[in-house]
Amino acid sequence: MKYHIKQLTILLLGLLSLILIFNISPYQKKKSPTIILEGETSVSLCPNASYEEKGYQAIDYNQKELTNQVEIQKSLDQWVYQVRNRQGYQAKAIRKFIHEDHEAPVITLKGNIEQTIYKGHDYIEEGYTVKDNCDTDLKVEIIGEVNTNQTGIYSIQYQVMDHAFNQTKVIRTVTVLPPPENLDKVIYLTFDDGPSYTITPQVLQILKEENVKATFFVINHSDDLNYLIKQAYLDGHTIGIHSYSHNYRYIYTSEENFYSDLMQMSNKIEQITGHKTNIIRFPGGSSNTVSKFNPGIMTMLTQSVVQKGYFYFDWNVSSEDAGGVSSAEEVYQNVVQNLGQHANVVLMHDFENNYYTLNALKQIIEYGKANGYTFARLTENSPAMHHRIYN
Ligand SMILES: [Zn+2]
């Protein structure tokens, strides 16, 4: 009996050492390789997106690297990774994909989300940006309009839907207020014959610093100056049509010539600002006598422009800066001495090198503010300022 037990023990020990030495496992699983996936094994993706491999590794039961023998079967919903070792044992791993998009696009409005403007002033659409987690080709629809001739609260709705039907809506509120009360003490600064390299940029700068809106009656100059018209418009000033050619002989020869010249300038302004203006000033004013060579032309034109929907403005305060002044002080005096307790339309010019006016501008504005005047730009709701017609 003792003998048998001893034999059996030796046999068992022998078997155990065989297992240890040759790594013979009683379980077949231990001979299989293993695949390790890096990153998530269940991945959420945009509907049209394809997965970008985060990496994987295959190791055999004996720590041998098998990674470059892995085969991947790719389908939309999953990738199946497979590898087989020399013994014919195989490993398999699966990475699953869920194609979904529950995130709505984001619309960010440029400019204020709540705006207030006075009746008759322009509403300028400042635009938006749109971003989405999955889509880059989204189109935002803008619904609603602002009737600037009617007081009230208007909503502009910006809406967009991505390809997974997630929707976003953003609303801008625009309040159109009645014009300010104190119309009886208003100064409308007007600048004719610009823009110019030397004067207009600094005029715009002063107006911006003083937060004053004005009116520019522009004529045709080099296209290099177009940006000044655009800037004046974006700064909130009125761009009015003065003339394309400013050539009295041409424009006052016939109604046809006049309107052809007017339309040329109108089109140029519209191209630059994206806005059609109906505010005009006759070259020389409606009271001019330079058109006398064509008797009655101003009587005809002052009627026909109104019929065509234009609003023309002359002036009741002249700075005399187009000749007859020899200092900024004179420009200043000519303006402030003639201001009254009513609508004041001030004639000035921003043509090249008109430094007298440029150097008087800040003082004129300061005088106006100190004496209870408000400044405004001309619109079709501004009080008509018409001269007597002499021709
Ligand atoms: Zn002029």
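Residues numbered from 1 in each chain as written. Predicted model: local features only at pLDDT ≥ 70, side-chain atom pairs only at ≥ 80, totals over all residues. Heavy atoms only, no water.

Enquirer: Can you help me understand the coordination of the zinc ion in this one?
Expert: Put simply, a metal with four donors set out as a tetrahedron has ideal angles of 109.5 degrees, and one with six donors set out as an octahedron has ideal angles of 90 or 180 degrees. Of the protein atoms, only D193 (OD), H242 (NE2) and H246 (NE2) coordinate the zinc ion, at distances of 2.1 to 2.2 Å. Counting along the primary sequence, the residues that act as donors to the zinc ion give the motif D-x48-H-x3-H. Here the residue D193 occupies a position in the loop between β13 (186-192) and α2 (200-210), and H246 occupies one in the loop between β15 (238-243) and α4 (248-251), the gap between them amounting to 53 residues. (Donors = N, O, S within 2.8 Å, 3.2 Å for Na, K, Ca; no water. Helix = DSSP H or I, 4+ residues; strand = E, 2+ residues; numbered from the N terminus.)

Enquirer: What exactly am I supposed to notice about helix α8 (residues 355-370) here?
Expert: An α-helical segment advances 3.6 residues per turn. Residues three or four places apart therefore align on the same side. With 16 residues, α8 should cover 22 Å at 1.5 Å per step; its first-to-last C-alpha distance of 24 Å lies within 8% of that length. At L361, α8 shows its maximal kink, close to 40 degrees. Buried-residue contacts for α8 involve β13, α2, α7 (328-336), β19 (343-349) and β20 (374-375). (Expected span 1.5 Å × (residues − 1). Bend = angle between axes of the 7 residues up to and from the residue. Contact = heavy atoms within 4.5 Å.)

Enquirer: What is the right way to look at the side chain of D135 in this model?
Expert: Considering the arrangement of structural elements, one finds D135 in the loop between β9 (128-131) and β10 (141-143). No salt bridge is formed by the buried D135; its nearest oppositely charged neighbour, K139, is found at 15 Å. Within the local environment of D135, its side chain forms a polar contact with the backbone nitrogen of H163, the two atoms lying 3.0 Å apart. Those residues in contact with D135 that sit more than four places away from it in its chain are D101, D162 and H163. (Buried < 20%, exposed > 50% of the residue type's maximum accessible area, 1.4 Å probe, protein only. Lys, Arg positive; Asp, Glu negative; His and termini not counted. Salt bridge = Lys/Arg side-chain N within 4 Å of Asp/Glu carboxyl O. Polar contact = N/O pair within 3.5 Å; in protein donor to acceptor, adjacent residues only side chain to side chain.)

Enquirer: I'm lost on the domain arrangement of the protein in this one. Help?
Expert: When the parts of a complex come together, some accessible area is lost, and that lost area is often used as the size of the interface. Domain parsing of the protein yields domain 1 (35-100), domain 2 (106-177) and domain 3 (183-375). If you average the C-alpha positions of domain 1 and of domain 2, the two centres end up 47 Å apart. (Domains from an automatic or database assignment.)

Enquirer: What is the right way to look at the pattern of salt bridges in this model?
Expert: Charged atoms that come close allow side chains of opposite charge to pair. Evaluation of the coordinates by the stated rule reveals nine salt bridges. Among the ionic pairs, K208 bridges to D235, the shortest N-O distance being 3.4 Å. One end of the pair, K208, is in helix α2; the other, D235, is in the loop between α3 (226-234) and β15, with 27 residues separating them in the sequence. Judged by relative accessible area, D235 falls into the buried class, the value being 14%.

Enquirer: Can you walk me through the state of the cysteines in this structure?
Expert: Put plainly, two cysteines are in a disulfide when a covalent bond ties their sulfur atoms together. Enumeration according to the criterion identifies one disulfide in this entry. Note that C46 is cross-linked by a disulfide to C134, the S-S spacing being 1.8 Å. Taking the torsion about the S-S bond as the criterion, the C46 to C134 disulfide, at about -80 degrees, is left-handed. A residue pair is termed long-range when its members are at least 10 positions apart, and C46 in the loop between β2 (42-45) and β3 (56-59) and C134 in the loop between β9 and β10 qualify at 88 residues. (Disulfide = S-S within 2.5 Å.)

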